[in-house]
Amino acid sequence: MSIRNLDKLLAPKSVALIGATPKPGSVGAVLARNLFHAGFAGPVLPVNPKYDAIEGVFAYRDVASLPAVPDLAVVCTPPETVPGLIGELGARGCKAAVVVTAGFGELGEGRGKALERAMLEAARPHLLRIVGPNCLGVMVPGIGLNATFAHVVPPKGDLAFVTQSGAMATAVVDWAMPRKIGFSQVVSLGDMTDVDFGDMLDWLANDGRTRAILLYIEAVTHARKFMSAARAAARLKPVIVIKAGRHAEAAKAAASHTGALAGADAVYDAAFRRAGMLRVYDVDELFDAVATLAAPPVGGGDRLAILTNGGGLGVLATDALMDEAGHLATLDAATMARLDGVLPRTWSKGNPVDIIGDADGARYKAALTELLAAPDVDAILALNCPTAIASSVEAAEAVVEVAAGARRPILASWLGGTENALAARARFADARIPSFETPDKAVRGFMHLVRYRRAQENLMEVPDAAPENLAPDAASARATVAAALAAGIEWLPDPDVRAVLAGYGFTLPKGELVADAAGAAAAAARIGGRVALKIVSPQVLHKSDVGGVALDLDGPQATALAADAMAARVRAKIPAAEIRGFLVQEMVRRPGAHELILGTSEDRQFGPAILFGQGGTAVEVLADTAMALPPLNVKLARELVAATRVSRLLKGYRDRPAANVAAVELALVRLSQLVCDLDAVAELDINPLLVDANEAIVLDARIRVRKPESFVHAARLAIEPYPSDLVETVLLDGAGPAILRPIRPEDAPLIEALVDRMDDEDRRMRFFAPVKQLSRAQLARLTQIDYDREMAFVCESALLGVGLLGVVRIAADPDRVKAEYAIALRSDLKGIGLGRRLMTRILDYAKARGVGEVFGEVMRENHKMIDLCRSLGFRIAASPEAPELVHARLPLAGWAGARGALEPPANPG
């Protein structure tokens, strides 16, 4: 499930409290008090057979006695009673429940899980949604709903907080109260047996009362749903996340370097970054992020001006800014001249702008006004330390006055703990100006804004064109892996590893597999020049650790001697090792080349994750790696490389030329494709990948496989990869064959060209406005789709010229109840059946994905589109919201393709 019936949870008209009690200090009593006295306008129905009344309101003996069906039920009875109560509530028609009850886990793993399953099974037939168990509850201040046992109720606001921890909920609300930060919703999810983070993100993304979303996460369930919901929400509003358990020990040590480095927290970090969420690392920073993002939504860059009445404060703030990789704004000559005109001669003559310790409100106002007009300033941090000469409160009032009309972010830090400092901070809170106790916290708050903006830019960035010659030999690789699995092999032998990698376009040195020393000598002679020798044994994973690698061997005799010595060394260190032979490779010499590591391993929640970093035998010691979730394109691969320290070395330094970073990025894209294609690959480790100015070549690699069905989740990849199986060839009337395929992010220039080849009237019909061209953000949104929830098919044909002939798309709600369609065609290609072909393809796809209904809004004068919809079985009706539009809807239960008209549609009047 996803957002179905969450309206009953977060916007109920009536509430039943099961387990209400007047017993002082009990959870049932606190819940009753909060529900009755928070201002909820609907009826609150207490249920407890032991009492006649709760909080002065008649109490009902049981669920069956309730005079009306409650939208929401709050349950705080013993665990054993919960499944039965949920069944009774569902049978009455209740659609949402908050199960505050704890203790499911305390009954023991078997008994507690059995009760959870029974609770869910009781709810499922009635589509009753459950928050909890073991949760604080739900607050919706805007409607006066406090279905929690918290000690305070926050004011109404536009910040949503979703947390697994009830303690975090009460702590954040308590902290926010004196700062006058309000919330649209506070939801404690508890054990997340039903409603989880993905569901809440989907709901809050489209909630007009919520401007920013705050998450406290201990674990994610249903990774693909979470990623889809998080990516959708982060495109619309800020999503800030704090993840607990960063240093939890792995349950099982992985065998390869990649497995050892792929800790769960690194994968979570990759997931948050990919989704465009802002991650914070502790409660203090979480609160700072709340303060920053609770401020009015003003944009800006990363150039900060610092205004202070004390030079030391300015220096501290500058240090903090540099530590956070921020930028100190440069003041142009005109700004400097204007500041000279309003400030004393002794001001600092630069940024930080030190306006001296006797600065009063008027001086703060004058300096702040000039800084807001400076062309190279994106945001301003105002600092104040208390003095006996000037009033801190007066200075704060000046900042508030100027900030009221500012179009750039202004942050404040008024130091001290006296009455004046507290009064200044209260004034900033009233004006919704982010205020911090210290300069370093203020700078961190500013960088939250910067990183959020960068995350949004990354989401909207159009990637480079897809690399050519990326078509892998997936069939051969699958056959190799299948043969290994059939033979019971876990770690592929070197020849199979080389075959799989070669099939995906990786560059490998020439090499031969031989059985013994004599074979090694013969292979060395055939390869010529100096060679490298490596042991081949299923018991030896890290060859260099046991003396299983010999380099720079000169000629057959040296190679044979090295083989005999190597076999002896390996047998001495691993007596049980089965030595299957040796791999003889050409000796690759790359003076000045860099050793890198590429790999993949499986995370318990998010599935395969890709690792990149500085490689070689000291990879764990260097600890310079970053992770990303597949699938990757060149843009995402570039971001992954840039997240490491070694990326700076790859740019070249001193007499060392820049490495071929494009080859590294391409290798990452190839690895991503391999991971997406071969679901039996559990672990892959390329170390080292040797890269210089010319190429990237694989010197050593290992691959571990397992049966695909042994993976713990049905959706192996957290992000739906490109659905290449949907590519097909179709015949267009009078135009011959054409390719119909899902859209790719790299198609943005083609979509732009398609819009250019539509005439003004067709563009108006498609976009409901006289559009000339699309912005980069629009192009990114149209091409960077989530294949798990959206689909767009494009059509291209060499016979009809370069570029796209047309595009059709649907975007479904999270529950796939409905999906909205849109279509655009080149204006010179009407009458060849392209529109019908695209529409039938998208409708077939929607039905196969389980979508219940496809709908669209069509301009009333777009008669050709209306006629096409009618011929496909759409029901046409006037749009109640816009008289210039008609609403077209097609229930897909009876859809049977192009001849699947369901019934004669109504006229569009």
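Anything mentioned here points back to the structure above.
In this report, we go over the structure that sits alongside the text. (Residues numbered from 1 in each chain as written. Predicted model: local features only at pLDDT ≥ 70, side-chain atom pairs only at ≥ 80, totals over all residues. Heavy atoms only, no water.)

### Topic: the overall build of the protein
- Looking only at helices and strands, the protein features 29 helices and 37 strands.
- Here the C-alpha radius of gyration of the protein, 32 Å, is about what a compact globule of 909 residues would show, namely 29 Å.
- By its C-alpha atoms, the protein is 95 × 85 × 70 Å across when sized along the principal axes.
- Split into buried and exposed, the 909 residues of the protein put 55% on the buried side.
- Accessible area for the protein stands at about 37000 Å²; split by element, carbon and sulfur atoms hold 54% of it. (Helix = DSSP H or I, 4+ residues; strand = E, 2+ residues; numbered from the N terminus. Rg over C-alpha atoms; globule rule 2.2 N^0.38 Å. Buried < 20%, exposed > 50% of the residue type's maximum accessible area, 1.4 Å probe, protein only. Areas by Shrake-Rupley, 256 points an atom, 1.4 Å probe, with all protein chains shown as cover.)

### Concerning the pairing of strand β21 (residues 530-536)
- Most of β21 is tucked away: six of the seven residues are buried.
- As defined by bridge partners, β21 adjoins strand β22 (residues 549-554) across four bridges and the pair is classed as antiparallel. By the bridge assignment for β22, V531 is matched with L553. (Pairing = 2+ DSSP bridges.)

### Focus on the sheet that holds strand β10 (residues 156-163)
- Here we have seven strands laid out as an open sheet, ordered β9-β8-β11-β10-β12-β13-β14, and mixed in their pairing. Each of the sheet's edge strands pairs with one partner strand only, and the pair in question is β9 (145-148) and β14 (278-280). Strand-to-strand twist across the sheet, computed as the mean angle between neighbouring axes with direction ignored, equals 15°. (Axes fitted to C-alpha atoms, helices over the stretch in contact; angles between N-to-C directions.)

### A short note on the pairing of strand β35 (residues 853-859)
- With respect to burial, β35 is a largely interior element, six of its seven residues being buried.
- Strand direction decides the pairing type here: strand β34 (residues 818-825) and β35, joined by three bridges, are parallel. Its bridge partner lying in β35, K818 is registered against E853.
- Considered for its hand, the β-α-β crossover made up of β34, helix α28 (residues 834-848) and β35 is right-handed.
- Note: β35 against strand β37 (residues 885-891), seven bridges, orientation antiparallel. Following the sheet pairing, E857 is matched in β37 by H887. (Right-handed = clockwise from strand over helix to strand, strands pointing away.)

### Notes on the sheet that holds β22
- Ordered in space as β20-β23-β21-β22, the four strands form an open sheet in which the pairing is antiparallel. Either end of the sheet is taken by a strand with one partner, and the two such strands are β20 (511-514) and β22. Each strand of the sheet is rotated relative to its neighbour by a mean of 25°, with strand direction disregarded.
- Strands β20, β21 and β23 (581-586) of the sheet are contacted by helix α18 (residues 494-503), whose axis makes an angle of about 40° with β23. (Contact = heavy atoms within 4.5 Å.)

### A closer look at the environment of G350
- Secondary-structure assignment places G350 in the loop between α12 (333-342) and β17 (353-354).
- The sequence separation of G350 and L611 amounts to 261 residues, and the corresponding C-alpha distance is 43 Å.
- In this structure, G350 is in contact with L331 and M336, ignoring residues within four places of it in sequence.

### Here's the deal with the side chain of R498
- With respect to the secondary-structure elements, R498 resides in helix α18.
- Within the buried set, R498 has no salt-bridge partner at all; the shortest N-O distance to an opposite charge, 7.4 Å, is to E586.
- There is a polar contact of 2.7 Å between the side chain of R498 and the backbone oxygen of P509.
- When near neighbours in sequence (up to four residues on either side) are disregarded, R498 contacts L508, P509, K510, G511, L583 and Q585. (Lys, Arg positive; Asp, Glu negative; His and termini not counted. Salt bridge = Lys/Arg side-chain N within 4 Å of Asp/Glu carboxyl O. Polar contact = N/O pair within 3.5 Å; in protein donor to acceptor, adjacent residues only side chain to side chain.)

### As for the environment of L449
- With respect to the helices and strands, the residue L449 is situated in helix α16 (residues 439-460).
- The exposure class of L449 is partly exposed, given its relative accessible area of 21%.
- On a C-alpha basis, the gap between L449 and P409 in space is 9.0 Å, while along the polypeptide they are 40 residues apart.
- In this view, L449 contacts T292, L293 and P409; residues no more than four positions away in its chain are not counted.

### Details of the packing of aromatic side chains
- Tallied over the full model, the rule gives ten aromatic pairs.
- Taken together, a centroid distance of 5.9 Å and an interplanar angle of 45° make the contact between Y268 and F272 tilted. Pair noted here: Y268 and F272 are both in helix α9 (residues 264-275), with a separation of four residues, about one helical turn.
- A relative accessible area of 1% places F272 in the buried class.
- Ring centres of Y268 and F606 lie 5.0 Å apart, and the angle between their planes is 85°; this geometry places the pair in the edge-to-face category. Linking Y268 in helix α9 with F606 in the loop between β24 (594-603) and β25 (607-614), this pair joins segments that are 338 residues apart in sequence.
- An aromatic cluster is built from F226, Y268, F272 and F606, whose rings are joined through pairwise contacts. (Phe/Tyr/Trp six-rings, centres within 6.5 Å; stacked < 30°, edge-to-face > 60°.)

### Examining the packing of α12 against helix α13 (residues 361-372)
- Where α12 contacts α13, the two axes come as close as 10 Å, and the packing angle between them is 170°. The angle between the axes of α12 and α13 places the two elements in the roughly antiparallel class. In contact with T335, R338, L339 and V342 of α12, α13 contributes A366, A367, E370 and L371.
- Classifying every residue of the contact of α12 with α13 by side-chain character gives five nonpolar, one polar and two charged. (Parallel < 35°, antiparallel > 145°, perpendicular 65-115°, else oblique. Nonpolar A, V, L, I, M, F, W, Y, C, P; charged D, E, K, R; others polar.)

Treat this as a map of the structure, not an account of what it does.
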